[in-house]
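The primary structure of each chain is shown beneath.
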Amino acid sequence: MNGKRSEHKKMVGLLSAAIVVLSIVTATLAITPIGAAPSTVATVTRSLPTYITPNQTFTVTLTQSGFVLDTGLIQEVLPVGFQYIAGSYTGGAPDWVNYDPATRTLQVWFRNESVISYGVQASPATQATVTFSGTYKTLVFGCVEPETGVITGDLVTKVDGVPPYTANHYPAKGATNVPITSNIVVHVKDNFEVDPSTIVMRVNGNPVSPLSIVPSPGTNNFAVTYNPPVDFAYSATVTVSIDASDAAGNAMATDTYSFTTASEPPVPTPTPTPTP
């Protein structure tokens, strides 16, 4: 641990010396003297996937701007149940990576670069919205004191291991005496977000289109409607199946059900014409 502190102090010392030299140069050129407000403020932004599945390994990307010599310290706190993947850091200072699994605190460095990344394994939770937090420490042009700040960009990701499901079937599953002019309507729902591009309806084993797929009211609930180009036959058993996935890639088990159309109405007996 003392070795890590020594490396950190060494880096800060090198950066401080560099800033003094740069400040003298800029002051000589009448640009920005030491102590003036910095012309560039450092930033670090984080990029996360929108959705992940339980226990999935994924990459967190950090991008900085405004760091003197493109060098600075990052401290990230991972969500509960998440763990840093040893050896996954990509950057110029692999020997300075420090991870405490008890507190899920990760220290990594930018070293002569603007982008670094590291790998994380998600928790086994089936559904959760989780938050990353982090800070940076670096030097910026025009200031002698290190600047610290909060990492911005993506703060949350969603763990989703539960597939979508269907509801509100019309005609209802097992319905009888269904009018032959009926449309088929079913809702595809998800606790987070349905991927509408994955919705497929089959009628009697054949994919059908066009389908009307409308958010009802949001992206976690889509009303799927099929208007057959011709009426169903009388006294027919119609088998419908639905497939869909959510935005995390979880595919639902195929929902298959049937309904039966009404019998053909009897042909009315013609009224005899009276004999004069």
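Heads up: these notes are all about the structure in this document.

Further remarks concern the environment of Thr157. Within the secondary structure, Thr157 is located in strand E13 (residues 156-160). With relative accessibility at 0%, the residue Thr157 sits in the buried group. Beyond its immediate sequence surroundings of up to four residues, Thr157 is in contact with Pro49, Thr50, Tyr51, Ile52, Ala128, Thr129, Val130 and Phe132. Among the polar contacts made by the side chain of Thr157, one reaches the main-chain carbonyl oxygen of Pro49 at a distance of 2.7 Å.

To continue, consider the packing of aromatic side chains. As enumerated under the stated definition, the model contains ten aromatic pairs in all. Judged by centre distance (5.7 Å) and plane angle (40°), the ring pair of Phe67 and Tyr136 falls under tilted. Pair noted here: Phe67 is in the loop between strand E3 (57-65) and strand E4 (71-77) and Tyr136 is in strand E10 (residues 133-138), with a separation of 69 residues, a long-range link. Between the aromatic rings of Tyr84 and Tyr118, the centroid separation amounts to 6.3 Å while the plane-to-plane angle is 55°, which identifies the pairing as tilted. Remark: Tyr118 occurs in strand E8 (residues 115-121) and Tyr84 occurs in strand E5 (residues 83-84); sequence separation between them is 34 residues. Residue classification places Tyr84 among the buried residues on the basis of a relative accessible area of 12%. For Tyr118, a relative accessible area of 1% corresponds to the buried category. Counting every residue linked through ring pairs, the aromatic cluster contains Phe58, Phe82 and Phe132.

Reading guide: rules and limits
Residues numbered from 1 in each chain as written. Predicted model: local features only at pLDDT ≥ 70, side-chain atom pairs only at ≥ 80, totals over all residues. Heavy atoms only, no water. Helix = DSSP H or I, 4+ residues; strand = E, 2+ residues; numbered from the N terminus. Buried < 20%, exposed > 50% of the residue type's maximum accessible area, 1.4 Å probe, protein only. Contact = heavy atoms within 4.5 Å. Polar contact = N/O pair within 3.5 Å; in protein donor to acceptor, adjacent residues only side chain to side chain. Phe/Tyr/Trp six-rings, centres within 6.5 Å; stacked < 30°, edge-to-face > 60°.

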